[in-house]
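Residues per chain are reported as follows:
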Amino acid sequence: MREFSERGSILSVMSMTGFARVDGSAEAAPAADATPIPWTWSWEIRSVNSKGLDLRCRLPALVEGWESKIRDRAQRRLARGSVNLTWTLEQADRAKTPQIVVNEAFLTEILGLQERLEAKGLVYPTAPSLDRVLAIKGVIEVVERTADAAVIEALEKPALGDLERALDELVEARGREGTKLKAMVETHLDEIADLTTQASAVAESQPAALRARLQEQLAVLLEAAPPVPEERLVQELALLATKADVREETDRLAAHVAACRELLGDGGSIGRKLDFLCQELNREANTLCSKAIDLTLTGIGVELKTRIERFREQIQNVE
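Residues numbered from 1 in each chain as written. Predicted model: local features only at pLDDT ≥ 70, side-chain atom pairs only at ≥ 80, totals over all residues. Heavy atoms only, no water.

Before going further, it helps to examine the overall build of the protein. When its secondary structure is counted, the protein shows nine helices and six strands. When the 319 residues of the protein are sorted by exposure, 35% land in the buried category. Relative to all contacts within the protein whose residues are 6 or more apart in sequence, the contacts with residues 24 or more apart total 81%. Entry remark: accessible area of the protein is about 19000 Å², with carbon and sulfur atoms responsible for 53%. (Helix = DSSP H or I, 4+ residues; strand = E, 2+ residues; numbered from the N terminus. Buried < 20%, exposed > 50% of the residue type's maximum accessible area, 1.4 Å probe, protein only. Contact = heavy atoms within 4.5 Å. Areas by Shrake-Rupley, 256 points an atom, 1.4 Å probe, with all protein chains shown as cover.)

In this structure, Ser269 sits in the loop between helix 7 (247–266) and helix 8 (271–291). Residue classification places Ser269 among the partly exposed residues on the basis of a relative accessible area of 42%. Put simply, Ser269 and Leu78 are 191 residues apart on the chain and 9.1 Å apart in space, counted from C-alpha to C-alpha. Among all residues touching Ser269, those that are not within four sequence positions of it are Ala79, Arg80 and Glu319.

What follows concerns the sheet that holds strand 4 (residues 81–91). An order of 1-2-4-3 is seen for the four strands of this open sheet, with the pairing classed as mixed. At either margin of the open sheet sits one strand with a lone partner, and together these are strand 1 (18–28) and strand 3 (53–58). Ignoring strand direction, the axes of neighbouring strands in this sheet form an average angle of 15°. Here helix 1 (residues 67–77) sits on the sheet in contact with strand 2 (37–48), strand 3 and strand 4, set at roughly 145° to strand 3. Helix 4 (residues 149–204) contacts strand 1, strand 2 and strand 4 of the sheet and is inclined by roughly 160° relative to strand 1. (Pairing = 2+ DSSP bridges. Axes fitted to C-alpha atoms, helices over the stretch in contact; angles between N-to-C directions.)

This structure, assessed with the given rule, holds 22 salt bridges. Ionic pairing is found between Glu156 and Lys69, a salt bridge with its closest N-O pair at 2.4 Å. One end of the pair, Glu156, is in helix 4; the other, Lys69, is in helix 1, with 87 residues separating them in the sequence. Beyond isolated ion pairs, a larger network of salt bridges with shared partners links Asp72, Arg73, Arg76, Arg77, Glu164 and Asp168. (Salt bridge = Lys/Arg side-chain N within 4 Å of Asp/Glu carboxyl O.)

Moving on, we come to the side chain of Arg80. Topologically, Arg80 is positioned in the loop between helix 1 and strand 4. Within the buried core, Arg80 has no salt-bridge partner, and the shortest N-O distance to an opposite charge, that of Asp275, equals 7.1 Å. Among the polar contacts made by the side chain of Arg80, one reaches the main-chain carbonyl oxygen of Val318 at a distance of 3.1 Å. Ignoring any residue separated from it by four or fewer positions in sequence, one finds Arg80 in contact with Met16, Ser50, Lys51, Gly52, Leu53, Arg174, Ser269, Gly271, Arg272, Val318 and Glu319. (Lys, Arg positive; Asp, Glu negative; His and termini not counted. Polar contact = N/O pair within 3.5 Å; in protein donor to acceptor, adjacent residues only side chain to side chain.)

Pasting the structure below:
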């Protein structure tokens, strides 16, 4: 049984990558044969990442009517992923003896021809033997036993029961991959959080650096002819100071990292939400780079964008 959080979310991160295979068997008799025949089947389900739930079913023609039931079962367990589901059916080894079919209508026609020839006086010295008659092409056909509607109806309940098992195994496989994926995503978040802390520390020294640079520029402006009005200088200084302040960006980066951690703790279908937060992280990193006035902060911003991109690549596979 999978546990749930107080908010109702499943307490695990699910990957969209997984594989499951379940084999089954049962006996069923074709409509034309009263003897039950053993049949074997296999369910195979492969899943990779996708924006939504894209389910493709590969089924024999006789079981195409099962597709709606299959889709209903899959949609109850899977929220996202490109899922390929295949069902194959064949006779068990001990039932693969070919079936001999006699074309009785053709045989009756041949025997009737013999009688008509005898009526016309065309009589063979000896009547043709059974083996000679059966050797005539078309009298006997050797065919493989195949499933028909009666077989499919008899196999539906056990086969769909095995489908449930296969879906359970797929969910478990995606959960195991999700555990590994969560560890990698958390590592990337730790790196982003560390770089955000570094950016905040460097940003504290920016006002002093900006002040020194402005003092140098002011000296040049005050010597200009005609001199720049003092009010205009104050406005420009205030504007530059505002543009160079990256505290808002670092605060938002920290908040987005915290939101990502909260989602990972809740689990469930969180891939789209993580993708949105990743876009917000990247937007703040871009703004931080554009506001940086020294190479140290610029370097941190570039490294942040690199780590955010790695984070984005990993969350593409989160359900």
